[in-house]
Amino acid sequence: MKIYIIVGSIREGRVAIKVADWIFKQIKTYHFSTVEAEIVDLKEWDLPMFAGAHPPLTGIYDQPKQQEWADFIALADAIIFISPEYNHGYSPALKNALDYLGKEWQGKPAAYVGYGATNGSRSIDQIRQVGTQLGLVDTNAVIEIRDIFSRAMDYTFEGNEFDNKTLRGVVDKLIQYVSA
């Protein structure tokens, strides 16, 4: 089972990459023989603003980067989205990445990790709405990270006992949905 951990921020000094590293490392500690996690950094993907001639839901991808992204996302069995809360919403880079594709998202179990002013709850609410429209399976697996800015001042982020326990539950839910 392949889980993509999608880093939904491309800003300099972003916390999302630190959270992704924590998730990746924690998943490795679970020693699942069938789980492979991979960090997917939207900053590295550098998806241009979607401006294709065809709506993505048609499956007609006329841009090389769009087809590359589609082929890559198709390989995932489940997705963990990480997003900061920007102005009561989620990041435009993540919105663009979601809007790039259609059928590749359909049927994939999704979990959501947020942080920010309301522990990311508003960003998660919006991503879930868009994800549902795209056909992602909402597993109701959510992590809202509290006090992120005081906890991520170093080069790393470490989840506390509550975060670590919640993440284990998130991964268990994703496995359950993929196995069903």
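Residues numbered from 1 in each chain as written. Predicted model: local features only at pLDDT ≥ 70, side-chain atom pairs only at ≥ 80, totals over all residues. Heavy atoms only, no water.

Details of the overall build of the protein
Looking only at helices and strands, the protein features seven helices and five strands. Along the chain direction, N to C, the helices and strands of the protein fall in the order β-α-β-α-α-β-α-β-α-β-α-α. Taking 16 Å as the expected radius of gyration for a compact globule of 180 residues, we find that the protein reaches 15 Å, a close match to that expectation. Considering only C-alpha atoms, the protein reaches an extent of 45 × 35 × 25 Å along its principal axes. When each of the 180 residues of the protein is scored for burial, the buried share is 51%. A sequence separation of at least 24 residues applies to 78% of the contacts in the protein between residues at least 6 apart. Of the roughly 8,800 Å² of accessible surface on the protein, a fraction of 52% belongs to carbon and sulfur atoms. Here the protein carries 18 positive and 23 negative side-chain charges, and the mean point of each set is 3 Å from the other. (Helix = DSSP H or I, 4+ residues; strand = E, 2+ residues; numbered from the N terminus. Rg over C-alpha atoms; globule rule 2.2 N^0.38 Å. Buried < 20%, exposed > 50% of the residue type's maximum accessible area, 1.4 Å probe, protein only. Contact = heavy atoms within 4.5 Å. Areas by Shrake-Rupley, 256 points an atom, 1.4 Å probe, with all protein chains shown as cover. Lys, Arg positive; Asp, Glu negative; His and termini not counted. Charge placed at Lys NZ, Arg CZ, Asp CG, Glu CD.)

Notes on the layout of surface pockets
When its volume is computed, the largest pocket comes out at roughly 180 Å³. If you trace the largest pocket, you find it lined by I10, L42, K43, D46, L47, M49, P92, A93 and N96. Elements with a minimum of two residues in the lining of the largest pocket: α2 (42-45) and α4 (92-99). Tallying contributions element by element places α4 first for the lining of the largest pocket, with three residues. A breakdown of the residues in the lining of the largest pocket according to their chemical character gives six nonpolar, one polar and two charged. (1 Å grid on protein atoms, 1.4 Å probe; cavity = no way out; pocket = protein on both sides within 12 Å on 5 of 7 lines; lining within 4 Å. Points joined across faces, edges and corners; volume = space filled by probe spheres on them. Nonpolar A, V, L, I, M, F, W, Y, C, P; charged D, E, K, R; others polar.)

Quick word on unusual backbone geometry
Of all residues except glycine, most have a negative phi; of all peptide bonds, most are trans. The phi dihedral of N119 falls on the positive side, at around 60°, and the residue is not glycine. Looking at the secondary structure, you find N119 in the loop between β4 (109-115) and α5 (121-134). Classification of N119 by relative accessible area gives buried; the value is 16%. For N140, which is not a glycine, the phi torsion comes out positive at approximately 60°. Here N140 is to be found in strand β5 (residues 137-145).

Re the pairing of strand β3 (residues 78-84)
Of all the seven residues making up β3, seven are buried; the element is thus mostly covered by neighbouring parts of the structure. Judged from the five bridges that link them, strand β1 (residues 2-7) and β3 form a sheet pairing that is parallel. Directly across from I3, in β3, lies its bridge partner A78. Pairing analysis gives six bridges linking β3 to β4, with the strands arranged parallel. Each bridged residue has a counterpart across the sheet, and for I79 the counterpart in β4 is A110. Considered for its hand, the β-α-β crossover made up of β3, α4 and β4 is right-handed. (Pairing = 2+ DSSP bridges. Right-handed = clockwise from strand over helix to strand, strands pointing away.)

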